[in-house]
Amino acid sequence: MPQDLLQRRALIKLTHSLKLNQELSSNNEPNSFECCKQKFIDEGLLKKHLIQNHSDWIQSKKLEIDNHDKSKLNHQQFLKEYTKRRCDKGGSDPIELNCDCNNNGTVLLFYNYVALQDSKSITTLLSNHCHQLNLTGKVRISNEGYNITVAGSTNEINSFIDLFLNQSDILLPGFDLLENQKELIDQFIFQFFKPTLGCIHVFQNMSVKYVEEICPLNVSKSYWDPQIPCTSLNVARKLQSHHSKNLNPTSITHTETDVIQTLLPSEYHQLLKSSSHDSNTIILDVRNYYESKLGHFKNSITPPIRKFSTLPEYIKNNSQQFKDKTIFTYCTGGIRCEKAARYIQNETGSNIIMLEGGIHNYINWINESNEESLFQGLNYIFDARQSIKHSNDTIITNCLYCKQKCGIYKKCSSKNCHLLVECCQSCFDLHDKQIFCCHDCQHQTGTICECERNRLDDLSISRNNLEK
């Protein structure tokens, strides 16, 4: 900024400050200024006095203004860089993996509800590391924590994990409880970061965003007051308890309150089995309808929502169905349940039981146990793999065209739609890779299609939607 303009702004601020002091003092005459025990009626004479006698004041004020302007500019540049759209308007993420990598890398899926005092600096730090390590994925950061899924070579992913371990005082509270205990550290990395086989191509690019909520529910923050317990601290405490008491970690229950509990997969499984015929028990999938359609726990209620932020609308429209019940909630990895549980409990007065680590950790536990899975179908994930393959996978959906079992989604070819359609590869090729979710999309009516109209109608109707 030109120095003459900066000086004029400094003088205006100093004059305003003196005028304010004058107004607060009852001993001075109105419409006058006092400085150095002199009274000034004319503002111009006061400014001349300041220039001649108080150059240090002016210089200090100029520096203050200049720093403020630079900070404002930096903030605007930060927001421009870290709040931009991930995809072009009307676009959507790829849902097919077209590469020959054969899962030669690693994908992480993790979150942490943790109070970040300098979330903007952390946003820049993580962005720089993601790009330096040539990772792809989605990183969301706010004052309430972070929500991250990234992909890359195994070495690069390990380096990314090391960043968190080395900055654990800020990014991983509770990790210090496991210091110098390699077995526990390895367990922590597996349970918290949730590594799976994949490659860099499961995401199209790297998107780092600074957001209001790491998992938007768009309701008053009073619902998570007191604050949602720190995720990394809870995981570390459980592992430490297991080590010190020589207990199986799957036998340790983390109880937050009398009405909200978080159970490890084995406990969730056993309690769910024993409650299967209890009329006061409800199993609620808090994910989107296209996720639950591909796979869900038996007898779950699967809300017809496309975005997590519309779950509150569904709960309100069906509040009597949930009132004063025991509700088992679950999602992919746990992050959505953290908020959904508190909102639902507040709205319905129900007891809530959450699945720690979500479907992801439940399926890992099933693979290591001899138990029959209560989850049927595939666990949908938000990358080009669509789902993570497991030994106990079952297919519960059928191809829209040939009606054969099919666990693959394709995108509706209508430019106005992009809804996911169950379609096997044979039918997709047979229709020249042009498939449509309904008659409206096939004929490009340009309006909200029949599928969406039906779903929106379902949002306002109390429904059980139980899969027996």
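Residues numbered from 1 in each chain as written. Predicted model: local features only at pLDDT ≥ 70, side-chain atom pairs only at ≥ 80, totals over all residues. Heavy atoms only, no water.

Caption draft 1: How the structure looks around the overall build of the protein chain. Per the secondary structure count, the protein chain includes 17 helices and 16 strands. Sorting the 468 residues of the protein chain into buried and exposed places 49% on the buried side. Contacts in the protein chain between residues at least 24 apart in sequence constitute 69% of all its contacts with a sequence separation of at least 6. For the protein chain, the exposed area adds up to about 24000 Å²; of that, 48% sits on carbon and sulfur atoms. (Helix = DSSP H or I, 4+ residues; strand = E, 2+ residues; numbered from the N terminus. Buried < 20%, exposed > 50% of the residue type's maximum accessible area, 1.4 Å probe, protein only. Contact = heavy atoms within 4.5 Å. Areas by Shrake-Rupley, 256 points an atom, 1.4 Å probe, with all protein chains shown as cover.)

Caption draft 2: Structural context of the confidence of the model for the protein chain. Averaged over all residues, the pLDDT of the protein chain equals 86, while 88% of them reach at least 70. Throughout residues 247-256 the model reports pLDDT below 50, and contacts reaching past four residues in sequence, or to other chains, amount to 30 contacts. (pLDDT = per-residue confidence, 0-100.)

Caption draft 3: Structural detail: the environment of S207. Checked against the element boundaries, S207 lands in strand β7 (residues 206-210). Taking the relative accessible area as the measure of exposure, S207 reaches 7% and is therefore buried. With 57 residues separating them in the primary sequence, S207 and V150 have C-alpha atoms 9.6 Å apart.

Caption draft 4: Geometry of the nonpolar core. In terms of nonpolar packing, the biggest core is built from 39 residues, with Y146, V150, F160, F164, F188 and F193 touching the most fellow members. If near-sequence neighbours (up to four positions away) are discounted, Y146 is found in contact with F110, Y111, N112, V114, L116, R140, I141, F164, L171, L172, F192 and I214. C215, L284, F322 and C337 belong to the second-largest nonpolar core, a separate cluster that totals 30 residues. (Core = buried A, V, L, I, M, F, W, Y, C linked by side-chain atoms within 4.5 Å.)

Caption draft 5: Spotlight on the pairing of β7. Within β7, five of the five residues are buried, leaving the element largely enclosed by the surrounding structure. Side chains M206, V208 and Y210 project from β7 onto one buried face, and the interleaved S207 and K209 project onto a second face that is buried too. In this structure, strand β4 (residues 136-142) lies alongside β7, joined through five bridges in parallel fashion. Across the sheet, the residue bridging to K138 is S207, located in β7. (Pairing = 2+ DSSP bridges.)

Caption draft 6: Geometry of unusual backbone geometry. With a phi close to 60°, N134 is a non-glycine residue in the positive phi region. Of note, N134 is situated in the loop between α4 (119-132) and β4. Within the chain, H418 stands out as a residue other than glycine whose phi angle is a positive 70°. Tracing the sequence through the fold places H418 in the loop between β15 (409-411) and β16 (420-422). Overall, H418 belongs to the partly exposed group, its relative accessible area being 29%.

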